[in-house]
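One letter stands for each residue in the lines below.
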Amino acid sequence: MNVRSILSMLVSIPALGGCAGSLSALDPAGPAAAAVATLWWVMFWAAVVLFVLVGGLLWFVWKRPGFGASMTPMRWIIWGGLVMPGILLTALVSYALFIGERLLPHGLAQTPTRVVAHGVQWQWQFSYPDAADVKGTPILHIPAGEPVDVIVTSGDVIHSFWVPRLAGKIDAIPGHENTIRIQADRPGTYRGVCAEFCGSGHTDMRFTIEAHDRAAFDTLMRELSDG
C-alpha cells in the first residue's frame, strides 16, 4: 500500500460519521449521546494523529537509511515509546473522565421523570413509578426535551440497556438497580438493544422508545391509567 492509498483511506474514514440510522451512535439525538459521539471523534482523531506520527517516522527510516542514528536506542524508547504516547493518552483519559462525569445522573433542580426498564430473556418491560396506575408497556414512553432517569433491572441474567442515539449503555443486573439518564431532544421514535450477550435470543432483545412532547406524554399517561 503506497502513501497515496493510505491518505485516501484516512480521508474516506471520517465520511462514515455521516452514516445515520436508528442504532447509530454517531447520529445523536440527545445531550448524553452527543457527549459520547464527541468522545468517539476525539479518540478517532487522536488515533489518526498517532498513526501519522508513527507512519512518518517509518517513512523517514525507509526513505533515508540512517535517519535518527544519532539518537541512542534508550532515547528512542523514552521519547518515542513513553513520552509521546504518554502525553496523548493522559490527555485522552482526562477528557474521557470529564465526559464520563457529565453522563452520571447527578441531582437536578427539578426531579426528572422516572421509568423502570426490566429485562428478562428475551424482552424488556417498562413501568412508570411516577404514574403508579399505569401498567407495564412493551414500548418505553418518555417526554421529549426533558431528562429521564431510567432505572434498569433484570429478572434473570445480566442484560445491557442501550439506546445509541440517546445515551450510553448500562448493565441490568439481577437484584440490583442501575440508573442511566437519557434525553430525547425532540419527539420521535428511537431504537434500543440489549448490548450484553444473554442467551440464544439475545439478538431479538430489541425495544422501542417513543418521545412525546410534554402535553402528549401527560395525555398518554392518563389514557394508559384509565385503560
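No experiment lies behind these values; they were computed from the predicted model shown.

*Asks:* Can you lay out the pattern of salt bridges for me, pointing to particular residues and giving the numbers?
*Replies:* The tally for this structure, following the rule as stated, stands at five salt bridges. For Asp27, the salt bridge identified is with Arg165, shortest N-O distance 3.6 Å. You can see Asp27 sitting in the loop between α1 (3-12) and α2 (31-63) and its partner Arg165 sitting in the loop between β5 (159-162) and β6 (169-172), a full 138 residues away along the chain. With a relative accessible area of 23%, Asp27 lands in the partly exposed category. The salt bridge involving Asp130 is made with Arg114; its shortest N-O contact spans 3.1 Å.

*Asks:* Outline the sheet that holds strand β4 (residues 148-154), listing residues and values.
*Replies:* Backbone hydrogen bonds hold the strands of a sheet together, and the pairing may be parallel or antiparallel. In space, the four strands of this open sheet follow the order β2-β1-β4-β7, with mixed pairing throughout. A single partner strand is all that each edge strand has here, and the edge strands are β2 (123-127) and β7 (178-182). Taken pair by pair, the neighbouring strands of this sheet meet at an average axis angle of 30°, ignoring direction. Relative to β2, strand β1 (residues 113-120) is paired through five bridges, and the arrangement is antiparallel.

*Asks:* Could you give me a rundown of the pairing of β7, with the residues and numbers involved?
*Replies:* For β7, the buried fraction is high: four of the five residues fall into the buried class. Note that β4 and β7 share five bridges and pair antiparallel. Across the sheet, Val150 pairs through a bridge with Ile180, a residue of β7.

*Asks:* An account of helix α3 (residues 73-103) is needed here, citing residue identities and associated values.
*Replies:* Its 31 residues place the ends of α3 43 Å apart at the C-alpha level, agreeing with the 45 Å of an ideal helix rising 1.5 Å per residue. Along its length, α3 shows its largest kink, about 30°, at Gly86.

*Asks:* Break down the packing of α2 against α3 for me, with residues and values.
*Replies:* Across the interface, α2 lies against α3 with an axial gap of 10 Å and an inter-helix angle of 175°. By the angle between their directions, the pair α2 and α3 is classed as roughly antiparallel. On the side of α2, the interface is formed by Ala32, Ala35, Val36, Thr38, Leu39, Val42, Met43, Ala46, Leu50, Leu53, Val54 and Leu57, while α3 contributes Trp76, Met84, Leu88, Leu92, Tyr95, Ala96, Ile99 and Leu103. For the contact of α2 with α3, the per-class residue count stands at 19 nonpolar, one polar and no charged.

*Asks:* With reference to specific residues and values, describe helix α4 (residues 214-226).
*Replies:* Helix length check: α4, at 13 residues, gives a terminal C-alpha distance of 18 Å against a target of 18 Å (1.5 Å per residue), a fit within 8%. By the burial criterion, the buried members of α4 are Phe217, Leu220 and Met221. Along the axis of α4, the buried positions cluster into a sector of 100°, meaning they face one direction only. For α4, the exposed residues set more than 90 degrees away from the buried face come down to Ala215, Arg222, Glu223 and Asp226. Where α4 is buried, its residues contact β1, β3 (140-143) and β9 (206-212).

Conventions used here
- Residues numbered from 1 in each chain as written.
- Predicted model: local features only at pLDDT ≥ 70, side-chain atom pairs only at ≥ 80, totals over all residues.
- Heavy atoms only, no water.
- Salt bridge = Lys/Arg side-chain N within 4 Å of Asp/Glu carboxyl O.
- Helix = DSSP H or I, 4+ residues; strand = E, 2+ residues; numbered from the N terminus.
- Buried < 20%, exposed > 50% of the residue type's maximum accessible area, 1.4 Å probe, protein only.
- Pairing = 2+ DSSP bridges.
- Axes fitted to C-alpha atoms, helices over the stretch in contact; angles between N-to-C directions.
- Expected span 1.5 Å × (residues − 1).
- Bend = angle between axes of the 7 residues up to and from the residue.
- Parallel < 35°, antiparallel > 145°, perpendicular 65-115°, else oblique.
- Contact = heavy atoms within 4.5 Å.
- Nonpolar A, V, L, I, M, F, W, Y, C, P; charged D, E, K, R; others polar.
- Arc of directions from axis to C-beta.

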